[in-house]
There are 2 protein chains.
Amino acid sequence: MQDTSPKNETPSDIRLAIRSGEVTSVTSGLAEGYVQANVVILPKALSFDFLLFCQRNPKPCPILEVIESGQFDPHLTCSDADIRYDVPLYNIYRDGTLSETCHSIEHVWNDDLVSFLIGCSFSFENALKQANIPLRHQEMNCNVPMYKTSIPTVTAGIFSGPLVVSMRPVKRSHISKAVQVTSRFPDTHGAPIHIGSPNTIGITDLGTPDYGDPVRIFDDEEPVFWACGVTPQAAALVSHPNLMITHAPGHMLITDKTDNDFSIF
Amino acid sequence: MQDTSPKNETPSDIRLAIRSGEVTSVTSGLAEGYVQANVVILPKALSFDFLLFCQRNPKPCPILEVIESGQFDPHLTCSDADIRYDVPLYNIYRDGTLSETCHSIEHVWNDDLVSFLIGCSFSFENALKQANIPLRHQEMNCNVPMYKTSIPTVTAGIFSGPLVVSMRPVKRSHISKAVQVTSRFPDTHGAPIHIGSPNTIGITDLGTPDYGDPVRIFDDEEPVFWACGVTPQAAALVSHPNLMITHAPGHMLITDKTDNDFSIF
């Protein structure tokens with residue numbers, strides 16, 4: 001009998017399995033070592049403002065690739081992908097409201113849409129694990145906790161909003177190492193933006209995250225905060241675009257690029 | 001008698017002196033330690049493609065700030081600047097041809113223009129000097145040599161063209177240090193893109209640069225090549241925009257940001 005587990009298949013194999021409807025799950029753990037991307041798709045009229053928003057806020061919004069209008073092939077990061085089919089689950093927002101969740105966006109696709117692939121934290125999480133810095137949310141088998149902060153993003157055109165961060169508890173003796181390791185990956189959120197004292201950045205209760213799940217923090221640990229890829233989606237949504245398509249949380253585009261392709265040293 | 005040398009004045013003082021017509025010279029050596037910017041101004045219809053070109057080619061085209069259409073104040077990098085007056089000398093291109101050189105662009109300014117400030121090599125040159133790596137072109141009191149390479153940039157919309165590099169000879173024993181030092185400044189071209197063997201990147205004669213002046217290379221040195229800010233200007237020009245305004249070579253915008261504001265570690 002054929003083993004249908006896509007865990008050790010190539011990114012291309014997995015994208016094909018997603019395209020055919022064979023794989024519809026979250027992509028965490030698939031094609032380990034390969035970069036996965038957040039997806040934001042917007043009408044061309046909003047594309048300059050959104051690209052500028054990402055340029056002005058590179059820590060939460062590191063652009064991996066932009067697929068220009070009229071194209072659906074992310075050829076800079078993937079060999080044979082199609083952004084219309086290769087994400088396991090899409091969210092379609094109309095006028096700022098979630099109106100549909102689906103496995104393909106063929107029915108809403110048009111030549112006016114521009115697609116943005118944005119770095120996600122899976123890359124630096126792999127690097128942290130390789131450096132023997134454990135990830136509490138993985139130990140607890142839950143989602144990473146994410147919080148809206150009092151830190152504003154830099155506005156660009158119609159796009160603005162608060163910086164959203166993810167939090168990972170890190171032993172005080174490991175914090176320097178965690179900063180060093182994640183500094184290598186500026187295209188997947190890079191170094192922490194804040195260490196300790198959640199109040200300082202407007203987080204009043206770590207136990208009630210705005211997204212994801214709460215995690216335990218031990219006495220010898222500090223909460224360490226990284227800029228989060230939820231930021232650009234939230235900022236785009238605030239502008240009530242007539243049409244915006246994103247990946248559904250956890251259901252990312254798997255690219256052909258390895259984590260190390262995007263490390264700076 | 002008043003000392004009118006602007007060498008030790010603040011960036012704001014110097015911009016004011018430029019705006020009033022008191023300073024019309026090249027800006028090299030002015031406000032040392034502060035970041036100077038290449039300037040490219042284009043009609044809004046070209047702005048998404050050009051921003052995307054810069055995003056796809058971050059080493060030659062590191063964006064420091066974009067001033068949106070209808071605005072002339074680079075408020076993210078300067079306290080009180082006006083892009084219409086604060087560059088000592090502008091080049092105005094019409095349909096891809098240089099048609100005018102002037103000290104102000106008030107007469108051609110309109111609310112459709114988008115201004116791009118792009119990092120320049122002065123920042124990493126300061127860092128090299130601080131690391132005791134001498135700069136031959138400064139020793140010879142001439143311009144840095146620049147070459148078109150056989151390396152293509154990544155196309156975006158109508159923008160494409162060859163990567164242009166600047167060359168500095170570095171002692172073999174200093175090359176590691178030169179890589180380390182300039183790696184700290186990704187927003188001002190970052191680490192070298194090539195070391196040694198000019199032929200490999202399509203440069204047949206170091207003695208005849210495409211821009212700037214040739215410099216002497218000693219036997220214990222290798223030519224070291226960095227991505228150059230001439231690249232985006234050349235790429236923009238190839239598209240024959242009906243209007244494009246740039247700084248004249250060497251006549252940069254002086255920002256309030258220090259070199260260290262843009263270093264990554």
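Located above this text is the structure these notes cover.
Analysis parameters
- Residues numbered from 1 in each chain as written.
- Chains lettered and ligands numbered in written order.
- Predicted model: local features only at pLDDT ≥ 70, side-chain atom pairs only at ≥ 80, totals over all residues.
- Heavy atoms only, no water.
- Helix = DSSP H or I, 4+ residues; strand = E, 2+ residues; numbered from the N terminus.
- Rg over C-alpha atoms; globule rule 2.2 N^0.38 Å.
- Buried < 20%, exposed > 50% of the residue type's maximum accessible area, 1.4 Å probe, protein only.
- Contact = heavy atoms within 4.5 Å.
- Buried area = accessible area lost by both parts, 1.4 Å probe.
- Salt bridge = Lys/Arg side-chain N within 4 Å of Asp/Glu carboxyl O.
- Polar contact = N/O pair within 3.5 Å; in protein donor to acceptor, adjacent residues only side chain to side chain.
- Axes fitted to C-alpha atoms, helices over the stretch in contact; angles between N-to-C directions.
- Parallel < 35°, antiparallel > 145°, perpendicular 65-115°, else oblique.
- Left-handed = near helix turned anticlockwise from the far one by under 90°.
- Nonpolar A, V, L, I, M, F, W, Y, C, P; charged D, E, K, R; others polar.
- Phe/Tyr/Trp six-rings, centres within 6.5 Å; stacked < 30°, edge-to-face > 60°.
- Lys NZ or Arg CZ within 6 Å of the ring centre and 35° of its normal.
- Least-squares fit on C-alpha atoms with pLDDT ≥ 70 in both.
- Core = buried A, V, L, I, M, F, W, Y, C linked by side-chain atoms within 4.5 Å.
- Arc of directions from axis to C-beta.

A count of helices and strands for chain A gives six helices and 11 strands. Taken against the 2.2 N^0.38 rule, which gives 18 Å for 265 residues, the C-alpha radius of gyration of chain A at 18 Å falls within 12% of a compact globule. Along the first, second and third principal axes, the C-alpha set of chain A runs to 50 × 50 × 35 Å. Looking at chain A as a whole, 53% of its 265 residues are labelled buried.

On the side of chain B, 18 residues touch chain A, which itself brings 18 residues to the contact. Carbon and sulfur atoms make up 65% of the surface buried where chain A meets chain B, a total of about 1500 Å² over both sides. Linking chain A with chain B are two salt bridges. Across the salt bridge formed by Arg56 of chain A and Glu68 of chain B, the nearest N and O atoms sit 2.8 Å from each other. If you look at where chain A meets chain B, you find eight residue pairs in polar contact (both at pLDDT 80 or more).

Before going further, it helps to examine unusual backbone geometry. All names here are of chain B. Positive phi is not limited to glycine here, since Ala31 has a value of about 50°. Tracing the backbone through its elements, the reader meets Ala31 in the loop between helix H1 (11–19) and strand S1 (34–43). Backbone geometry places Asn132, a non-glycine residue, at a positive phi of 60°. Its location among the elements puts Asn132 in the loop between helix H3 (122–130) and helix H4 (136–139).

Residues and elements named next belong to chain A. Running from amino to carboxyl end, helix H3 (residues 122–130) crosses helix H5 (residues 175–183) at an angle of 135°, the nearest separation of the two axes being 9 Å. In terms of axis orientation, H3 runs oblique to H5. Crossing handedness for the pair H3 and H5: right-handed. Together, Phe124, Ala127 and Leu128 of H3 and Ala178, Val181 and Thr182 of H5 make up the contact between the two elements. Looking at the contact of H3 with H5 residue by residue, the class counts come to five nonpolar, one polar and no charged.

The next thing to look at is the packing of aromatic side chains. One pass over the full model with this rule turns up 10 aromatic pairs over all chains. Between Phe124 of chain B and Trp226 of chain B, the ring centres sit 5.2 Å apart and the planes meet at 25°, which makes this aromatic pair stacked. With a gap of 102 residues between them, Phe124 of chain B in helix H3 and Trp226 of chain B in strand S9 (residues 221–227) connect regions that are remote in the sequence. Taken together through their ring pairs, the aromatic side chains of Phe50, Phe53, Phe116 and Phe159 of chain A make up a single cluster. The ring of Phe72 of chain A carries the charged tip of Arg84 of chain A above its face, separated from the ring centre by 3.5 Å.

With that out of the way, let us pick up the packing of helix H2 (residues 47–56) of chain A against helix H2 (residues 47–56) of chain B. Direction vectors running N to C along H2 of chain A and H2 of chain B enclose 30°, while the axes themselves pass 9 Å from each other. What the angle tells us is that H2 of chain A and H2 of chain B run roughly parallel. Between H2 of chain A and H2 of chain B the crossing geometry is left-handed. Listed contacts from H2 of chain B to Ser47, Phe48, Leu51, Leu52 and Gln55 of chain A of H2 of chain A are Ser47, Phe48, Leu51, Leu52 and Gln55 of chain B. Here the residues of the contact of H2 of chain A with H2 of chain B sort into six nonpolar, four polar and no charged.

It takes a turn of 180° to lay chain A on chain B, together with a shift of 0.0 Å along the axis; the resulting RMSD is 0.0 Å. Taken together, the rotation and translation describe the operation of a two-fold axis. Judged by C-alpha distance, Phe48 of chain A is the residue of chain A that lies nearest the rotation axis, at 2.4 Å. Counting the interface residues of chain A, we find that 100% of their copies in chain B are interface residues as well, pointing to one common contact surface.

Here we take up the nonpolar core. One finds Phe50 of chain A together with Phe50 of chain B to be the most contacted residues of the largest nonpolar core, which totals 42 residues. When sequence neighbours within four positions are dropped, the list of residues in contact with Phe50 of chain B reads Val40, Leu42, Phe116, Ile118, Phe159, Pro232 and Ala236 of chain B.

Moving on, we get to helix H5 (residues 175–183) of chain B. Each α-helix turn comprises 3.6 residues. Residues three or four places apart therefore point the same way. Residues and elements named next belong to chain B. The set of residues buried in H5 consists of Ile175, Ala178, Val181 and Thr182. Axial view of H5: buried residues confined to an arc of 125°, hence all on one face. For H5, the secondary structure elements touched by its buried residues are H3, strand S7 (162–171), strand S8 (194–195) and S9.

Looking now at the pattern of salt bridges. Under the defined criterion, the tally for this structure stands at 20 salt bridges over all chains. Among the salt bridges present, the one from Glu125 of chain A reaches Arg168 of chain A, with a minimum N-O distance of 2.8 Å. Taken together, the residues span a long stretch of sequence, with Glu125 of chain A in helix H3 and Arg168 of chain A in strand S7 (residues 162–171) at a distance of 43 residues. Here Glu125 of chain A falls in the buried class, since its relative accessible area comes to 4%. Arg172 of chain B is paired through a salt bridge with Glu222 of chain B; the nearest N and O atoms lie 3.0 Å apart. Linking Arg172 of chain B in the loop between S7 and H5 with Glu222 of chain B in strand S9, this pair joins segments that are 50 residues apart in sequence. Arg172 of chain B gets classed as partly exposed once you look at its relative accessible area, which sits at 44%.

Once that is clear, we can look at the side chain of Thr153 of chain A. Residue and element names in this part refer to chain A. With respect to the helices, strands and loops of the structure, Thr153 is situated in the loop between strand S6 (146–152) and S7. Exposure remark for Thr153: the relative accessible area of 9% places this residue in the buried category. Among the polar contacts listed, one links the side chain of Thr153 to the backbone oxygen of Gly161, at a separation of 2.6 Å. In this view, Thr153 contacts Phe53, Asn57, Ser160, Gly161, Pro162, Leu163 and Thr231; residues no more than four positions away in its chain are not counted.

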